[in-house]
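A structural walkthrough
As a plain string of letters, each chain reads:
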Amino acid sequence: MTLAASDRILCGMSKKFPDYVPPTQIAYQDDGGTTLHLRKCRLVVEREGSLEEQVFDQGAITIGAMDDNDIIIRDETVSRYHCKIIQEDNAYVLLDLGSTNGTFVNKVRIREAYLRPGCTITCGKTNVQFHPFDERVRIRPIELDRMGDIIGTNVKMREIFGILEKIAPTTTTVVIEGETGTGKEVVANTLHKRSNRRGKPFIVFDCSAVPENLIESELFGHEKGSFTGAIMARQGLFEMANGGTIFLDELGELSLELQPKLLRVLETREVRRVGGTRPMKVDVRVIAATNRRLEDEVRAGRFREDLFYRLSVVRIFLPPLRERREDIPLLVKHFLKDGSFNRDEAGNLRVRNIAREALDLLTTYDWPGNIRELLNAIERACSFAERDCIEVTDLPGNIATRGGQVPVVAAEAALPVPAALPGTTAGRAVVHGPADPAAEPGTFKEAKEQWIAAFEREYVLTMLRRNGFNISHAAREADIDRKYFRKLMRKYGIDAGTDADLNDDDA
């Protein structure tokens, strides 16, 4: 049975919750500098008169006689899985795993205890000395304009490059925060590719894209017959990611009912399938992303505080594109060079340059959809460009009109819409495809249907723009089911292959 924090043995410390072991975190100094605090511990094992030293930075360290323990002790008095050391907020906790001969700290038998620096853990006849330490690394902007697939010359981005360089080789849990479309999945993928796990799986799970009743089965797997429709046993994503990295996107969407189960996996590094009785060990690095501020979610009671602290080992904040405008020309050049949409059938580039006036408009636009919106704008411009250079008239209308020019698109017509619609251009709406009206309004019924169609399309586009082109968030703000929202998008040609090219995922 797990003891509450107040009931644990505090090895030589006061009853107050210990705060002597700083967690791995990023500290921002008044002088504008950044320091990365890496929490690590050194375990010194006494073996037949010799000392063996190992350094760990992971959240859980297992000790026992079996080969899959982090510290293996070949001692007949040590159980197969004897005990475990876990990081808990700003302390280390030792848990006895039901060992036969018990676990001792400074000669006192314990079931669960906080560890004090320099204390001695005894398992059977073997002593292990415990020494936590805080490795401080001063982070300075790296003189690079890209790291992996991340591109940027902005000082904040180059500072993030420095942080990624330090934490990539570790097993540290990372939370990436930022607005929709800032490239959180790209950062997670870069972390994985630069880690020691790069040859292992990189599994992506979008917490907002799976029905709530199926998330547990998706993450942890299920046994045959565990619920209606479970006709065979199935691995969960944590099992599939074993040895590699799992990326939990839109973590803030995870329900309160599922958060304790995720917390248990993070603490024990074990998963139990739905309907299963046997836990399975997994070696997985967890990287999570959210466009919400988790502190606000905790205060609002929508996110568990203990899970927040468990996940927030290192938090990286990605700046929105409007705060790194100097990166836009570099990103545009990258999209034109590497985008598959800019290749002809022979694989040659269709568009090679962008006019200065068009680039100026791109750099002054605020980009509510961030990098994803920029990518969509460049893809649209390439499809409209008649030469090998993007002109102002090739840009989406909401960007091109800032320069006083409106791109001419065939088969578009204007209809009046209510001026009170938030975020719309008063009195104008563009209708494509099946909702495109004829030159003559026809009967009252036909004109009414055309007016409603124009309103629906403009409303859907408005919600998408206001929510950074994230379909889930737009549907939530509109207070309609996401499936119906998608149906409206398909009805009015707002889907992949159009000027919007919208999706639920981060760029």
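Please refer to the structure placed before this passage.
As a starting point, this report considers the structure included with it. Given the structure is predicted, the values throughout are model-derived calculations rather than measurements. (Residues numbered from 1 in each chain as written. Predicted model: local features only at pLDDT ≥ 70, side-chain atom pairs only at ≥ 80, totals over all residues. Heavy atoms only, no water.)

1. Brief notes about the overall build of the protein
Tallying secondary structure elements over the protein gives 14 helices and 28 strands in all. Out of the 507 residues in the protein, the part that is buried amounts to 50%. (Helix = DSSP H or I, 4+ residues; strand = E, 2+ residues; numbered from the N terminus. Buried < 20%, exposed > 50% of the residue type's maximum accessible area, 1.4 Å probe, protein only.)

2. Thoughts on the packing of aromatic side chains
Counting across every chain of the model gives 6 aromatic pairs. Against the face of Tyr81 rests Lys281, its NZ or CZ located 5.2 Å from the ring centre. Taking NZ or CZ as reference, Arg380 lies 4.2 Å from the ring centre of Phe384, over its face. (Phe/Tyr/Trp six-rings, centres within 6.5 Å; stacked < 30°, edge-to-face > 60°. Lys NZ or Arg CZ within 6 Å of the ring centre and 35° of its normal.)

3. Observations concerning the packing of helix H13 (residues 471-478) against helix H14 (residues 482-491)
One way to put it is that H13 packs onto H14 with a least axis distance of 9 Å and a crossing angle of 105 degrees. Viewed along their axes, H13 and H14 adopt a mutual orientation that is roughly perpendicular. Taken together, the residues of H14 that come into contact with H13 (itself represented by Ile471, Ser472, Ala474, Ala475 and Ala478) are Arg482, Phe485, Arg486 and Met489. Here the contact of H13 with H14 is composed, by residue class, of 6 nonpolar, 1 polar and 2 charged. (Axes fitted to C-alpha atoms, helices over the stretch in contact; angles between N-to-C directions. Parallel < 35°, antiparallel > 145°, perpendicular 65-115°, else oblique. Contact = heavy atoms within 4.5 Å. Nonpolar A, V, L, I, M, F, W, Y, C, P; charged D, E, K, R; others polar.)

4. As for unusual backbone geometry
For Asn106, which is not glycine, the phi dihedral falls at a positive 50 degrees. Topologically, Asn106 is positioned in the loop between strand E9 (103-105) and strand E10 (108-110). Its identity is not glycine, yet Asn370 carries a phi of approximately 60 degrees, on the positive side. On the secondary structure map, Asn370 appears in helix H10 (residues 370-384). Since its relative accessible area comes to 0%, Asn370 is described here as buried.

5. Looking at the pattern of salt bridges
Overall, the coordinates contain 28 salt bridges when judged by the stated rule. Between Lys261 and Glu216 there is a salt bridge, with the nearest N and O atoms lying 2.8 Å from each other. Note that Lys261 is positioned in helix H5 (residues 259-268) and Glu216 in helix H3 (residues 212-220), a separation of 45 residues in sequence. When its relative accessible area of 23% is taken as the criterion, Glu216 is described as partly exposed. Arg324 is the salt-bridge partner of Asp327, the closest N and O atoms lying 2.8 Å from each other. Each member of the pair Asp327 and Arg324 is classed as buried. Members of the salt-bridge network, linked through shared partners, are Glu253, Arg292, Glu297, Arg302 and Arg476. (Salt bridge = Lys/Arg side-chain N within 4 Å of Asp/Glu carboxyl O.)

6. Quick notes on the environment of Met463
Its location among the elements puts Met463 in helix H12 (residues 444-466). We classify Met463 as buried; its relative accessible area is 3%. Taking the C-alpha atoms as reference points, Met463 and Ala478, separated by 15 residues in sequence, lie 7.0 Å from one another. Met463 has contacts with Ala474, Glu477, Ala478 and Phe485, leaving out every residue within four places of it along the chain.

7. So, the nonpolar core
Ranked by internal contacts, the top residues of the largest apolar core, which has 31 residues, are Phe238, Ile246 and Leu248. Elements represented by at least two residues in this core include exactly strand E17 (202-206), H3, helix H4 (237-240), strand E20 (245-249), H5, strand E23 (285-290) and helix H7 (305-311). For this core, the leading source of residues is H5, giving 4 residues. In this structure Ile246 touches Ile203, Leu219, Leu237, Phe238, Ala241, Val284, Arg285, Val286 and Ile287, once residues within four positions along its chain are discounted. (Core = buried A, V, L, I, M, F, W, Y, C linked by side-chain atoms within 4.5 Å.)

8. With respect to the environment of Ile176
Here Ile176 is to be found in strand E16 (residues 174-177). Through-space distance from the C-alpha of Ile176 to that of Ile316 is 4.8 Å; in sequence the pair is 140 residues apart. In this view, Ile176 contacts Lys184, Val187, Ala188, Ile287, Ala288, Ala289, Thr290, Ile316 and Leu318; residues no more than four positions away in its chain are not counted.

9. As for the pairing of strand E3 (residues 34-47)
Of all the 14 residues making up E3, 11 are buried; the element is thus mostly covered by neighbouring parts of the structure. Bridge count for E3 against strand E13 (residues 126-139) is 12 bridges, and the pairing is antiparallel. Residue Lys40 lies in a different strand from E13, and its bridge partner there is Phe133. Here E3 pairs with strand E4 (residues 50-56) via 7 bridges, running antiparallel. Looking at E4, one finds that Leu43 is bridged to Gln54. Here E3 folds back onto E4, and the loop between the two strands holds 2 residues, one of which, Glu48, carries a positive phi near 50 degrees. (Pairing = 2+ DSSP bridges.)

10. Things to note about the side chain of Glu253
In this structure, Glu253 sits in the loop between E20 and H5. Of the polar contacts made by the side chain of Glu253, one reaches the side chain of Arg292; its length is 3.1 Å. There is a polar contact of 2.9 Å between the side chain of Glu253 and the side chain of Arg476. Apart from residues no more than four positions distant in its own chain, Glu253 is found in contact with Cys207, Ser208, Arg292, His473 and Arg476. (Polar contact = N/O pair within 3.5 Å; in protein donor to acceptor, adjacent residues only side chain to side chain.)

11. Section: the pairing of strand E7 (residues 83-88)
E7 sits mainly inside the fold: 6 of its 6 residues count as buried. Along E7, one buried face is formed by Cys83, Ile85 and Gln87 and the opposite face, lined by Lys84, Ile86 and Glu88, is buried too. Two strands pair when backbone bridges link them, and strand E5 (residues 60-64) and E7 are joined in this way by 4 bridges, in the antiparallel orientation. Note that in E7 the partner of Thr62 across the bridge is Lys84.

12. Examining H5
By the burial criterion, the buried members of H5 are Gln259, Leu262, Leu263, Val265, Leu266 and Thr268. Directly after H5, the chain includes Arg269, whose backbone phi takes a positive value near 55 degrees.

13. Some points on the sheet that holds E20
The strand order across the open sheet built from 5 strands is E17-E20-E23-E16-E24, with neighbouring strands paired in parallel fashion. Only two strands of the sheet have a single neighbouring strand rather than two, namely E17 and strand E24 (314-317). When strand polarity is set aside, the average angle formed by the axes of neighbouring strands in this sheet is 20 degrees. Across 4 bridges, E16 lies against E23 in parallel orientation. Residue pairing in the sheet places Glu177 in a bridge with Thr290 of E23.

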